[in-house]
Each structure stands twice: as C-alpha cells, then as structure tokens.
Amino acid sequence: MGNQSDPLPVSQVELADRLAIADQLARYSYTADARDLDAFMALFTEDAVWQNFVPGKSEPDIKLRSRAEIRAFSAALWKESPGLRSGHHQSGLLFTELTRDSARTKNMILISHQGPGDQPMRIATFGYYETEWRKTPDGWLIASRTYYGGHRTPASYNEVSA
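A few points on the structure. Note that the coordinates shown come from a computational prediction; the quantities given were computed from them, not determined experimentally.

**A short note on the pattern of salt bridges**
- Evaluation of the coordinates by the stated rule reveals seven salt bridges.
- Its salt-bridge partner being aspartate 38, residue arginine 71 comes within 2.9 Å of it at the nearest N-O pair. On the criterion of sequence distance, the pair formed by arginine 71 in helix H3 (residues 67–80) and aspartate 38 in helix H2 (residues 37–41) is long-range, its members being 33 residues apart.
- Among the ionic contacts, a cluster of salt bridges with common partners joins Glu97, Arg104 and Glu132.

Okay, structure coming up:
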C-alpha cells in the first residue's frame, strides 16, 4: 500500500479498490437513510458483525453476529420510528490496511435526525466507525463494522419529538 513517504505511485488496482470501498461507504449512508432494507443488507457479508460501543464501556451494548441479525435489528429500528428522517454523514475515510482481498478503514460519522413535518434537524449522535471489508465476487462487502459513539442526544432512535 502506498504512503506519503513512498515516491512510487499506488497501483491502479489499489486505487480502484479504494474507490470501490468509498462507494460502498456512500451506499451505506444512502440506503440506511432511504430505509432500503434489501440494498442495505447487500452491503454485508452473510457472517458480518455489527457492534456499538458507548463511551466508558469495554463491551458493546449492541452486537449483531450475522446479516440476518443486522436485518432484523434494522427492520425493527426503522419500523419503530416511521416519521423520523435520518442522515448518515460519513467523512474522513482512512485506510488502515488494504490487501488484495481485505481492507480496514476508519471514518467519522455524524447522524442527524428530523421528525415529522418541518421540525429542525438535530444531531442524534456522532463518533467513528472501524470497518473490516472483504472482497467477494459481489465486490467489497462489510465483514465487521464497529461504531464508537461520542455522544447521543437524550431522545433515543425511536422517539420522535412532537
């Protein structure tokens, strides 16, 4: 993998892999925000793990151990908050490892929520993701995604302000 001190340019394959992973990261935001469950699930491997850590805790408060568990959790979450619009704003994509068939990335996340009607948007949570990617015949998929939350507003995901 090329780095800042390496005078040689990175390979076209590495650039293509980085762009493909960045595209998948964008798809994560767009499909989650659109609540497109099938498209969202297509981003994960069958054995994917998704977990959530809150500040001060050494164990995750949520740990999902398969695409099926991620699907069930996401479907329930979205069903509980039908009038809530969300925005997954991901930035600062950093590749910490990239091989021909796997990658590790880290990126910042800010999630905004907006209730029904013209209510103002509010920051629901922010933090960062660490993601493990696996190259498959279907392209780069998420094998593991861990959220490290920095803050969550008092309203939970399923509460919509009136």
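**Thoughts on the nonpolar core**
- Ile21, Tyr28, Phe40, Phe44, Trp50, Ile70 and Trp133 are the most contacted members of the largest nonpolar core, which has 25 residues in total.
- Within the residue set of this core, elements represented by two or more residues are helix H1 (12–34), H2, strand E1 (44–53), H3, strand E3 (85–98), strand E4 (102–114), strand E5 (122–136) and strand E6 (139–152).
- Those residues within four positions of tryptophan 50 in sequence are excluded, and the remaining contacts are Tyr28, Phe44, Ile62, Lys63, Leu64, Ile70, Tyr129, Arg145 and Tyr147.

**Overview of H3**
- With 14 residues, H3 extends 20 Å from end C-alpha to end C-alpha; this agrees with the ideal 20 Å at 1.5 Å per step.
- Buried-residue contacts for H3 involve H1, H2, E1 and strand E2 (62–64).

**A short note on the pairing of E4**
- Strand direction decides the pairing type here: E3 and E4, joined by 11 bridges, are antiparallel. Directly across from phenylalanine 95, in E4, lies its bridge partner threonine 105.
- The turn joining E3 and E4, which pair antiparallel and follow one another in sequence, is formed by three residues.

**Some words on H1**
- Given a rise of 1.5 Å per residue, 23 residues ought to cover 33 Å, and the 32 Å separating the end C-alpha atoms of H1 matches this to within 8%.
- Here H1 has its buried residues at Glu14, Asp17, Ile21, Gln24, Leu25, Tyr28, Ser29, Thr31 and Ala32.
- Following H1 by one or two positions, arginine 35 has its phi on the positive side, about 55°.

Definitions and limits used
- Residues numbered from 1 in each chain as written.
- Predicted model: local features only at pLDDT ≥ 70, side-chain atom pairs only at ≥ 80, totals over all residues.
- Heavy atoms only, no water.
- Salt bridge = Lys/Arg side-chain N within 4 Å of Asp/Glu carboxyl O.
- Helix = DSSP H or I, 4+ residues; strand = E, 2+ residues; numbered from the N terminus.
- Core = buried A, V, L, I, M, F, W, Y, C linked by side-chain atoms within 4.5 Å.
- Buried < 20%, exposed > 50% of the residue type's maximum accessible area, 1.4 Å probe, protein only.
- Contact = heavy atoms within 4.5 Å.
- Expected span 1.5 Å × (residues − 1).
- Pairing = 2+ DSSP bridges.

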